[in-house]
Amino acid sequence: IGPLDGIPIGLKDNIDVAGIATSNGLGGQPPAAIRDAAVTARLKKAGAVLTAKLNMHEAALGVSTDNPHHGRARNPFDPNRSPGGSSGGSGAAVAAGLCAAALGTDTAGSIRLPAAFCGVVGLKPTYGRISLAGIAPLNERLDHVGPITRSVADADLIMAALADETAAWHPEPVPERL
């Protein structure tokens, strides 16, 4: 049994899952990914159940998640308001209870804004703490991938599963997770 066994987790649609198309919020018919992104593989290894590819701002470049190709993501607390962007689909899905956690990417606030707009927890990890392999880049020197969850303890649990073992920081166990 893995630390995330059976936990439903969504992925922003710029993160590769083998056999599933990654649109990066763009139109058209993208081909299916050949292999899992590093974070996808780590989640699967930890036992997570990947539930959805979540809506995002086109090419991860915006703050509204009003996508001209896939529709507008809406804030679950007020459908007339934005869930933030560009990981707005991830923030909205967690806040609405559609998944226990989701991954987003952050170059200029795209984990933190949806978390704040939707009343959940978003963590932008230290650069290099989590591999970006298999994630469509916006700016490779500024991009980060991290969890959006309902609690700090849940964010810690996801971080422990995603973090690169070769990095200097190793988290201490936190009780009462997910």
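Notes on the structure in this doc start here. (Residues numbered from 1 in each chain as written. Predicted model: local features only at pLDDT ≥ 70, side-chain atom pairs only at ≥ 80, totals over all residues. Heavy atoms only, no water.)

Digging into the overall build of the protein
Which entries qualify depends on this criterion: A run of H or I in DSSP becomes a helix once it reaches four residues, and a run of E becomes a strand once it reaches two; helices and strands are each numbered from the N terminus. Radius of gyration here uses only the C-alpha atoms, and the compact-globule reference equals 2.2 Å multiplied by the residue count raised to the power 0.38. Here's how the labels work: a residue is buried when its accessible area is under 20% of the maximum for its type, exposed when over 50%, partly exposed in between, all with a 1.4 Å probe on protein chains only. Residue contacts follow a heavy-atom distance rule, with two residues in contact if any of their heavy atoms lie within 4.5 Å. Where accessible areas are quoted, they stem from the Shrake-Rupley method and a 1.4 Å probe; at the residue level, only the protein chains shown are allowed to cover. Charge counting follows a simple rule: Lys and Arg are positive, Asp and Glu are negative, and His as well as the terminal groups are ignored. A charge is said to be at NZ when it belongs to Lys, at CZ for Arg, at CG for Asp and at CD for Glu.
Of the regular secondary structure elements, the protein holds four helices and seven strands. The order of α-helices and β-strands along the protein, N terminus first, is β-α-β-β-β-α-β-α-β-β-α. In terms of C-alpha radius of gyration, the protein reaches 15 Å, essentially the compact-globule figure of 16 Å for 178 residues. Viewed in the frame of its principal axes, the protein has a C-alpha envelope of about 40 × 35 × 30 Å. By residue count, 46% of the 178 residues in the protein fall in the buried class. Counting contacts in the protein only where the partners sit at least 6 residues apart, residues at least 24 apart contribute 61% of the total. Accessible surface, the protein as shown: approximately 8,500 Å² in total, 56% of it carbon and sulfur. Placing the 15 positive and 16 negative side-chain charges of the protein at their respective mean positions leaves the two points 3 Å apart.

Here's the deal with helix α2 (residues 88-95)
Extensive coverage of α2 is indicated by the burial of eight of its eight residues. Phi turns positive, to about 80°, at G97, one or two residues after α2.

Description of the sheet that holds strand β1 (residues 8-12)
Rules: Strands are labelled as partners when DSSP assigns at least two bridges between them. Orientation is described by lines fitted to C-alpha atoms, with helices fitted over the stretch in contact, and by angles between N-to-C directions that extend from 0 to 180 degrees.
Strand order in this open sheet of five strands is β2-β1-β5-β7-β6, and the pairing throughout is mixed. Each edge of the open sheet carries a strand with a single partner, namely β2 (49-54) and β6 (121-122). The strands touched by α2 are β1, β2, β5 (101-106) and β7 (144-149); relative to β5, the strand with the most contacts, the crossing angle is about 155°.

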